[in-house]
Each structure stands twice: as structure tokens, then as C-alpha cells.
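What follows is each chain in one-letter form.
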Amino acid sequence: MSEAMQSDYSGPERVLSGVQPTGSLHLGNYLGALVKFVALQDRRPFLFVADLHAITLPQDPKALAGQTRAIAAAFLAAGLDTDKAAIFPQSAVREHVELAWVFNCTARLGWLERMTQFKEKAGKDKERASVGLFTYPVLQAADILIYKATHVPVGEDQKQHLELSRDIADRFNRDFDAPGFFPLPEPLIQGPGARVMSLKDGTKKMSKSDPADLSRINLTDDADTIARKIKKAKTDPEPLPDNLGDLKARPEAANLVGIYSALAGTSDAAVLDEFGGQGFGAFKPALAELAVEKLSPMTAEMQRLMGDPAEIDRVLAKGAERAREVAAPVMDEVRRLVGFWRG
Ligand code: TRP
């Protein structure tokens, strides 16, 4: 289906992404998402906290708004500038949901049944999964297309959802005889640092759901904890190789080198030039020092912001205002194309 699609869209480019307010952020989120968002911020991205997506699984109503603020605090602490990026809660812009309903009637059941993330998240007893979990990717398409976003920085695991967004955009444009109305959004798959692996198993992604806290560096960890976790990270007995080829077969070594290069803003090859031939006894303290140096200013700023929720709320309100200004006219056009009464 995707092969044959041709975008007639000729509007401006727009970068957009979303992060769910579930669980605390870790180094993988920082290097995989936040650093990339900051690098893209001159393109004036729309970055939202996906609280509508969060409730596809049960959430504590008393905690949800705080979790939303925590993501916003992380965005700001990582260096996002609110004059460039629009930062807002997804649920504050009602057009997301309105467009999602229209798209529920555009997407086909068969398209959704192919989504691998639903199968993983629903687990064995999918009859008990929420309907929202099933239509989750349709809401994601609405998140993107309500702003006519063209470029979406996401991890590998979201590629299939982006394909679905393109299918929905294309189908809508055809069904309502509106060629080029919606763009066919492309993922911007993140480069180095995109996949930070567990500190205890170099073949598994660093994850907030891993029961072992030693497997990840949380953005709330203090300097001592960060250093201790790196010292305890799993490694092999060999010294670091001096070339990328030999690094490949050693997942734990490759992960630590990847973390170093991403934090330092260099390449794995450059790290091996410096540390090749040295053992982990030398490399780990260097990595711990770098991690503390790079992360502590950010975690400190995050803590400060979390102590000032009013400041975060001002940012979120301003972002939502900007988002609505773009979303409302697009939704109005959709209403016209679909044939709804518009008064
Ligand atoms: N599904 C994304 C994730 O879990 C979050 C998300 C929701 C998103 N809507 C989006 C990402 C729109 C990009 C664009 O990571």
C-alpha cells in the first residue's frame, strides 16, 4: 500500500513528536529523544506530552498531571527553548481527539490488526485490553496530522505507527477528494544514541519497566548513584578493541562506548581511538565522570522546575495556545471536507 503513495503535499515542513508521561525518564530517553529534540529546535518543533495515549493503560488520576509536568520539566532542563519549541499536553488541544474520531472511520480494521505494538502491550488476554489501546495508532496519526506535520523524530519502535499515519493520510486525501490536503509524514529515526541498552544485558533496551534499577540510569539519579551504576555495569574481561568491527560482537562493551560517544557528542570510532587497548578499570571511571558532568546540571534543573509547578504550567499553557492556533483551522477544514454541519 505504502509503495504506491505519492505525496501531493506542498505545505511547509513541520517537526513534531510526543512522549508519554508513564514512568520516569532514563538515559535512553535522554539520548534517544531529548538530545535529538534540542538538536532540531531551530525547526520550531511541536512537542507534546502524550497523556491521552497514557490512559490506554490504567493510570493513577492523582499522579497523571504530575507526570505530565515531569516530562515538560525534562524537556526544559534538556535545553528546549519555549520561543522555539511548542511544549504542551496532548489533552489540552481537543482537536487531537476530534480528528482521531474521523480517522477511526478512515483506518481499516485490518490495518490495525497488523500493529505489533498492540500485540505486545495487550499481552495474552487481548479481550481485556482497552479499545483505546487498539486504536492508539489512529490517535497518533491524528496527533501528527492535525498540525500537518511532515517529520516525526521517533525511535525504531514507532516506525510501523508512522507507516499507518501515512496510510491514513493518503486514504483520507483520496476518500474526500482532497489531494495533498494531509502530508505523508516521515519518521526521523534517531542516529547515534538512539538505542541505549540495559547496563545488565547489552542485548536488551534500557527500559523503565525493567525491575532491576541497576539496569538503567534514571534522570532522577544523583551523581553517586550514576557513578555506582556505571561501575557495576556488566562487561566482559577483554580490554576495549581499537576498531568498530571487534566492538560489534561485544554488546555490553558496545553499549558503554555508545553511551560515551553520545554523551560526548563524538563517534564510537573516536572513543576507541582514545580508549582502545585499555580495560574497563580505566574506561568506566572516565564514563562515570562524563555521565555525571553531562547529566547533573540537567537533573538539578529538573528538580528545581518540579519544585515550581506554576512555571511549568505557564509553559504548557503557552504551548497549548500556540498548538490550538494551528490545529483549529485544520480541524475546520476537515469538518468541511467530511461534510459536517458548520453553522
Ligand atoms: N507512541 C509514541 C511513543 O510511545 C508517543 C506518541 C504519541 C507520538 N503520539 C505521537 C510520537 C505522535 C510521535 C508522534 O513513543
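Scroll up a little and you will see the structure.
These notes cover the structure that comes with them. Given the structure is predicted, the values throughout are model-derived calculations rather than measurements.

In this section: the overall build of the protein chain. Within the protein chain one finds 14 helices and 5 strands. Restricting the contact set of the protein chain to residue pairs at least 6 apart, pairs at least 24 apart contribute 76%. Carbon and sulfur atoms provide 52% of the accessible area of the protein chain, an area that totals close to 16,100 Å². Between the centroid of the 43 positive side chains of the protein chain and the centroid of its 47 negative side chains there is a distance of 3 Å.

Right, let's talk about empty space enclosed by the protein for a bit. On inspection of all chains with the given rule, the structure shows 1 cavity of 30 Å³ or more. Counted as a void, the largest cavity has a volume near 40 Å³. Together, Gln 117, Phe 118, Lys 121, Leu 133, Tyr 136, Pro 137 and His 161 line the largest cavity. Mapped onto the lining of the largest cavity, the elements with two or more residues apiece are α6 (116-122) and α7 (131-145). Per-class residue counts for the lining of the largest cavity are 4 nonpolar, 2 polar and 1 charged.

What follows covers the nonpolar core. Within the largest apolar cluster, 54 residues are counted, with the highest numbers of intra-cluster contacts made by Leu 27, Tyr 30, Phe 75, Ile 87, Leu 263 and Phe 283. Taken together, the elements giving at least two residues each to this core come down to α1 (27-39), β2 (46-49), α3 (61-77), α9 (223-231), α11 (251-264), α12 (268-275), α13 (280-306) and α14 (309-338). Per-element tally for this core: the top contributor is α13, with 10 residues. Once residues within four sequence positions are removed from consideration, Tyr 30 is found in contact with Val 35, Ala 78, Leu 219, Leu 263, Leu 295 and Met 298.

Two elements in contact, α9 and α13, have axes separated by 9 Å at closest approach and are oriented at 150 degrees. Judged by the inter-axis angle, α9 sits roughly antiparallel to α13. Judged by the sense of rotation from one axis to the other, the crossing of α9 with α13 is right-handed. Counting all contacts with α9, which are made through Ala 223, Ile 226, Ala 227, Ile 230 and Lys 231, the residues of α13 involved are Lys 284, Leu 287, Ala 288, Ala 291, Val 292 and Leu 295.

Before going further, it helps to examine the sheet that holds strand β1 (residues 16-19). If you walk across this open sheet you meet the 3 strands as β1-β2-β3, and the pairing is parallel. The open sheet has two edge strands with one neighbour each: β1 and β3 (86-89). Within the sheet, the average angular offset between the axes of one strand and its neighbour, ignoring direction, is 20 degrees. For β1 and β2, the ladder comprises 4 bridges, and the chain directions are parallel. Along β2, the bridge assignment pairs Leu 16 with Phe 46.

In the region of the ligand, 14 residues are neighbours, and Gln 20, Tyr 136, Gln 140, Asp 143 and Gln 158 sit closest. Between the ligand and Tyr 136 there is a distance of 2.8 Å, counted from a nitrogen atom to a side-chain nitrogen or oxygen. For the ligand, a nitrogen atom lies 3.2 Å from a polar atom in the side chain of Gln 158. Cavity membership is defined here by more than half of the atoms lying within 2 Å of grid points; on that basis the ligand lies in the largest pocket.

In the structure shown here, the tally under the stated rule is 18 salt bridges. Two residues, Arg 171 and Asp 175, come together in a salt bridge whose shortest N-O distance is 3.1 Å. Residue Arg 171 and its partner Asp 175 are located together in helix α8 (residues 159-175), separated by 4 residues, close to a single helical turn. What emerges from the salt-bridge pattern is a single network uniting Asp 213, Arg 216, Asp 221 and Lys 229.

Turning our eyes to something else, we now look at the pairing of β2. Regular strands place their side chains on alternate faces of the sheet. Of the two faces of β2, the one lined by Phe 46 and Phe 48 and the one lined by Leu 47 and Val 49 are each fully buried. Handedness of the β-α-β unit built from β1, α1 and β2 comes out right-handed. Inspection of the sheet shows β2 paired to β3 by 4 bridges, in the parallel sense. Looking at β3, one finds that Leu 47 is bridged to Ile 87.

This brings us to the side chain of Gln 158. In this structure, Gln 158 sits in the loop between β4 (151-154) and α8. Relative accessible area serves as the criterion here: at 12%, Gln 158 is assigned to the buried category. Other than its neighbours up to four places away in sequence, Gln 158 contacts Gln 117 and Gln 140.

Basis of the calculations
- Residues numbered from 1 in each chain as written.
- Predicted model: local features only at pLDDT ≥ 70, side-chain atom pairs only at ≥ 80, totals over all residues.
- Heavy atoms only, no water.
- Helix = DSSP H or I, 4+ residues; strand = E, 2+ residues; numbered from the N terminus.
- Contact = heavy atoms within 4.5 Å.
- Areas by Shrake-Rupley, 256 points an atom, 1.4 Å probe, with all protein chains shown as cover.
- Lys, Arg positive; Asp, Glu negative; His and termini not counted.
- Charge placed at Lys NZ, Arg CZ, Asp CG, Glu CD.
- 1 Å grid on protein atoms, 1.4 Å probe; cavity = no way out; pocket = protein on both sides within 12 Å on 5 of 7 lines; lining within 4 Å.
- Points joined across faces, edges and corners; volume = space filled by probe spheres on them.
- Nonpolar A, V, L, I, M, F, W, Y, C, P; charged D, E, K, R; others polar.
- Core = buried A, V, L, I, M, F, W, Y, C linked by side-chain atoms within 4.5 Å.
- Buried < 20%, exposed > 50% of the residue type's maximum accessible area, 1.4 Å probe, protein only.
- Axes fitted to C-alpha atoms, helices over the stretch in contact; angles between N-to-C directions.
- Parallel < 35°, antiparallel > 145°, perpendicular 65-115°, else oblique.
- Left-handed = near helix turned anticlockwise from the far one by under 90°.
- Pairing = 2+ DSSP bridges.
- Near = heavy atom within 4 Å.
- Polar contact = N/O pair within 3.5 Å; in protein donor to acceptor, adjacent residues only side chain to side chain.
- Sits in = over half its atoms within 2 Å of the grid points.
- Salt bridge = Lys/Arg side-chain N within 4 Å of Asp/Glu carboxyl O.
- Right-handed = clockwise from strand over helix to strand, strands pointing away.

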